[in-house]
Amino acid sequence: PYATGGGGTSFAHRVAAAYLASLLTRSRRAELEERAVDHISFQTGPTHPVDDLLVAYSSGTVVSTLAIACRATPNWVRSHQATVDLVRSLLSELATHDRGTHRVAVATSGRSSQSDQLARVCEIARAHADADAFHASFDVDGRWSGPLRRRYSQFLDMVERAVGAPTSDPSIAQRAWHLLSRLRVLPFRVQGHDDADRASLATSLDAVASQQSDGVTDRK
């Protein structure tokens, strides 16, 4: 099976390699507010509940961080305990490091309808100033598609299970918005039949190696 055969670890290593390549090439990344990677930390627990990767980037004197959980195939439904546990760790990460310059992300293997829908819900959350306005927008008939409404409903249920409070509790909607507004769902094509991202990074590293080689030749 994928999970017990080292597949999850292999995927995490390839995501880490992608960020290391970005560090070397100084390439800008959308999830880092179009900035380049400055520093990467690995296995940062127990300080960080989301402990696979911690990526630092900056704009002048302001340093921001992104804590990344690598999950090849998360199942964003209430009944999937492993993904509910992931949501719990994301909530704990933001509770432990609650500052405007800190965000969280889930790296997935390729794209899926579930993750694409959740990524869109995150975009909607970031477009609203508070939890009440965000939650109310999903009560407006026809404003958002049925799949998005159901994905948000499932996510509320997952937050409820993660914190152990009823969905009717106002804090559930508040916690869900707080997490969604700071969450990025990032598809990585780095393994299997679709490894286009991995191939692209290899090409960019070839260019760096070529520049380094030219520099050695010049010094000689």
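Just so we're clear, the structure is a prediction, and the values are computed from it rather than from any experiment.

From N to C terminus, the chain includes seven helices and seven strands. Its helices and strands in sequence order give the chain the pattern α-β-β-β-β-β-α-β-α-α-α-α-β-α, from N to C terminus. Expressed as a percentage of its 220 residues, the buried residues of the chain come to 43%. As presented, the chain carries roughly 11200 Å² of accessible surface, and 50% of it is formed by carbon and sulfur atoms.

If you walk through the whole model with that rule in mind, you get five aromatic pairs. Judged by centre distance (5.0 Å) and plane angle (70 degrees), the rings of Phe-134 and Tyr-152 are edge-to-face. Taken together, the positions of Phe-134 in helix α4 (residues 131-137) and Tyr-152 in helix α5 (residues 146-163) put the pair 18 residues apart, joining distant regions of the chain. Here the two residues Phe-134 and Tyr-152 agree in accessibility, since each one is buried. Between Phe-138 and Trp-144, the ring centres sit 6.2 Å apart and the planes meet at 40 degrees, which makes this aromatic pair tilted.

Inspection of every chain in the model, using the stated rule, returns nine salt bridges. Between Arg-29 and Glu-31 there is a salt bridge, with its nearest N and O atoms 2.7 Å apart. Linking Arg-182 and Asp-98 is a salt bridge whose minimum nitrogen-to-oxygen distance equals 3.4 Å. Taken as a pair, Arg-182 in the loop between α6 (170-180) and β7 (183-188) and Asp-98 in the loop between α2 (81-96) and β6 (102-109) lie far apart in primary sequence, 84 residues in all.

Another aspect to go through is the pairing of β7. Regular strands show a simple pattern: their side chains alternate between the two faces of the sheet. Burial of β7 is extensive: five of the six residues sit out of reach of the surface. The pairing of β6 with β7 spans six bridges and is parallel. Opposite Ser-109, over in β7, you have Phe-188 as the bridge partner.

With that settled, consider the sheet that holds strand β4 (residues 53-59). Reading across the sheet, the five strands line up as β3-β4-β5-β6-β7 and stay open at both edges, with mixed pairing between neighbours. One side of each edge strand has no neighbouring strand; the edge strands of this open sheet are β3 (39-42) and β7. Direction aside, the axes of adjacent strands within the sheet are offset by 25 degrees on average. Two strands pair when backbone bridges link them, and β3 and β4 are joined in this way by four bridges, in the antiparallel orientation. Bridging from a neighbouring strand, Ser-41 pairs with Leu-54 of β4. Relative to the sheet, α2 contacts β5 (62-70), β6 and β7, its axis offset from that of β6 by approximately 155 degrees.

Turning our attention to the pairing of β5. Taking burial as the measure, the nine residues of β5 include seven buried ones, the bulk of the element. The pairing of β4 with β5 spans seven bridges and is classified as antiparallel. Bridge assignment links Ser-58 to a residue of β5, and that residue is Val-63. Between the end of β4 and the start of β5, which pair antiparallel, lie two residues, with Gly-60 showing a positive phi angle near 70 degrees. Bridge count between β5 and β6: six bridges; the pairing is parallel. By the bridge assignment, Cys-70 is partnered in β6 with Ala-107.

So, on to unusual backbone geometry. Residues Gly-45 and Pro-46 are joined by a peptide bond in cis, for which omega reads 0 degrees. Unlike most non-glycine residues, Arg-26 shows phi in positive territory, near 60 degrees. Position of Arg-26 relative to the elements: it lies in the loop between α1 (7-25) and β1 (28-29). For Arg-26, a relative accessible area of 45% corresponds to the partly exposed category. Backbone geometry at Glu-33 places phi at a positive 60 degrees, although glycine is not the residue there. Tracing the chain through its elements places Glu-33 in the loop between β1 and β2 (35-36).

Conventions and cut-offs
- Residues numbered from 1 in each chain as written.
- Predicted model: local features only at pLDDT ≥ 70, side-chain atom pairs only at ≥ 80, totals over all residues.
- Heavy atoms only, no water.
- Helix = DSSP H or I, 4+ residues; strand = E, 2+ residues; numbered from the N terminus.
- Buried < 20%, exposed > 50% of the residue type's maximum accessible area, 1.4 Å probe, protein only.
- Areas by Shrake-Rupley, 256 points an atom, 1.4 Å probe, with all protein chains shown as cover.
- Phe/Tyr/Trp six-rings, centres within 6.5 Å; stacked < 30°, edge-to-face > 60°.
- Salt bridge = Lys/Arg side-chain N within 4 Å of Asp/Glu carboxyl O.
- Pairing = 2+ DSSP bridges.
- Axes fitted to C-alpha atoms, helices over the stretch in contact; angles between N-to-C directions.
- Contact = heavy atoms within 4.5 Å.

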